[in-house]
Amino acid sequence: MRKLLCCLVVFATLMANPIANAQTNVKWDLRRCVEYALTNNISVRQSDIQARLSAIALKQSKLEQIPSLSFSGNHGFSFGRSLDYSTNVYTDNNVMYEQMGLNTQVNLFNWNSQRNTIKSNDYNYQADAAAVDKAKNDIALNVARQYLLVLLDMEQAVVTDIQLKQSQAQYQNTRKQVDAGALPELNAAELEAQVARDSANLITAQTQIAVDKLTLKALINLPADAVFELEVPPVEQIPVDNILEISPATIYELAIRSQPQIKVNNLRLQTKQKSYEAAKGKQYPTISLFGQLNSNYNTFL
């Protein structure tokens, strides 16, 4: 039995390693980065939790319209001089008593304060739900911007590396001519300094790639030590829309209709208006109906 268990463990380990290697070797394109960020980004998750809390607050305000009903019971013993709960007269006997009560209350009219509170919570929930879309839009734009910035850094590193190789080749040729006496030593010294500057620029470019990758990892909430290689798409396959062909008025109208921030602002305004009307209604008296039913029982011991 132990041999069989060991074989299963070894087999599972061997099967897990190729799967893990396959996952780490997969490169991240822009779509994958955005989708991962929409699911795991902290700001998006916080907005979603806030929308859920608003939904609970809305449900609670609706349930407050239901009449309240409570039941109470009491059982006890009284020794010596005791109160007879059936006649409300004191007696010198020991008494065992039972008390039960049923209470109910309902608001009949409160100047629409409760209804305005429900509407305010409803608008607030809609605003928080729209805020989730806004957070997703913002994180998608930030991820796309950071993704393109890393690609730009990679291209800049390639250009810097080419410049370094050209400087090294020029230095080697000049060094040979200087050694042969065809050129002065100053020419070789200047090219040697240029090679040093290009080497420093290459190190700076490579460092910038690492820094911007870490920023992108933070945006999508990926661990800093995770394997993260970006896929560089061919330039000819990148879709580019000519935004200059669209009029500014059309772009503005499209943003007004589609941007979640506009919807959030309008819903927040309606929320505050209904909250004001609800608070204003609480200044006036409230008409409510109250009912109570009690039962007392006692027996002498």
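Check the entry above for the structure.
Small disclaimer: the values here were computed from a predicted structure and weren't measured.

Visitor: Lay out the overall build of the protein chain in plain terms, naming residues and giving numbers.
Guide: A count of helical and extended segments in the protein chain gives 7 helices and 5 strands. Ordered by position from the N terminus, the helices and strands of the protein chain form the series α-α-α-β-β-β-β-α-α-α-α-β. Among the 301 residues that make up the protein chain, the fraction classed as buried is 23%. Pairs at least 24 apart in sequence give 77% of the contacts found in the protein chain among residues at least 6 apart.

Visitor: Please set out the side chain of serine 120 residue by residue, giving values where relevant.
Guide: The topology assignment puts serine 120 in helix H4 (residues 113-180). Using a relative accessible area of 6% as the deciding quantity, one classes serine 120 as buried. Separated by 2.6 Å, the side chains of serine 120 and serine 275 make a polar contact. Those residues within four positions of serine 120 in sequence are excluded, and the remaining contacts are Thr271, Lys274 and Ser275.

Visitor: Explain the environment of asparagine 137 to me, and be specific about the residues and the numbers.
Guide: Examined against the element boundaries, asparagine 137 turns out to sit in helix H4. You can call asparagine 137 partly exposed: its relative accessible area is 32%. Sequence spacing of asparagine 137 and valine 34 is 103 residues, and the spatial spacing of their C-alpha atoms is 10.0 Å.

Visitor: Pulling in residues and values, what's your account of the sheet that holds strand E5 (residues 287-300)?
Guide: In sheet architecture, strand pairing relies on hydrogen bonds along the backbone and comes in two forms, parallel and antiparallel. Strand order across the open sheet formed by 3 strands is E1-E4-E5, with antiparallel pairing between neighbours. Looking at the sheet topology across the chains shown, the edges are occupied by strand E1 (68-78) and E5. Strand-to-strand twist across the sheet, computed as the mean angle between neighbouring axes with direction ignored, equals 10 degrees.

Visitor: Tell me about the packing of aromatic side chains, and name the residues and values.
Guide: Aromatic rings in a pair are described by how distant their centres are and how their planes are angled relative to each other. Scanning the model with the defined rule gives 4 aromatic pairs in all. Centre to centre, the rings of tryptophan 28 and tyrosine 36 are 5.4 Å apart; their planes meet at 80 degrees, and the pair counts as edge-to-face. Since its relative accessible area comes to 5%, tryptophan 28 is described here as buried. Between phenylalanine 109 and tryptophan 111 the ring centres are 5.3 Å apart and the planes differ by 55 degrees, which places this aromatic pair in the tilted class. The exposure class assigned to tryptophan 111 is partly exposed, which follows from its relative accessible area of 40%. Among the aromatic residues, ring-to-ring pairing joins Trp28, Tyr36 and Phe228 into one connected group. The ring of tryptophan 28 carries the charged tip of arginine 32 above its face, separated from the ring centre by 3.9 Å.

Visitor: Hey, could you go over the nonpolar core for me, with residue numbers and the actual values?
Guide: Core analysis: the biggest nonpolar cluster contains 16 residues, and Trp28, Cys33, Val143, Ile220, Phe228 and Leu230 have the highest contact counts within it. Taken together, the elements giving at least two residues each to this core come down to helix H2 (30-40), H4 and helix H5 (185-220). Among the elements that line this core, the one with the most residues is H4, at 6 residues.

Analysis parameters
- Residues numbered from 1 in each chain as written.
- Predicted model: local features only at pLDDT ≥ 70, side-chain atom pairs only at ≥ 80, totals over all residues.
- Heavy atoms only, no water.
- Helix = DSSP H or I, 4+ residues; strand = E, 2+ residues; numbered from the N terminus.
- Buried < 20%, exposed > 50% of the residue type's maximum accessible area, 1.4 Å probe, protein only.
- Contact = heavy atoms within 4.5 Å.
- Polar contact = N/O pair within 3.5 Å; in protein donor to acceptor, adjacent residues only side chain to side chain.
- Pairing = 2+ DSSP bridges.
- Axes fitted to C-alpha atoms, helices over the stretch in contact; angles between N-to-C directions.
- Phe/Tyr/Trp six-rings, centres within 6.5 Å; stacked < 30°, edge-to-face > 60°.
- Lys NZ or Arg CZ within 6 Å of the ring centre and 35° of its normal.
- Core = buried A, V, L, I, M, F, W, Y, C linked by side-chain atoms within 4.5 Å.

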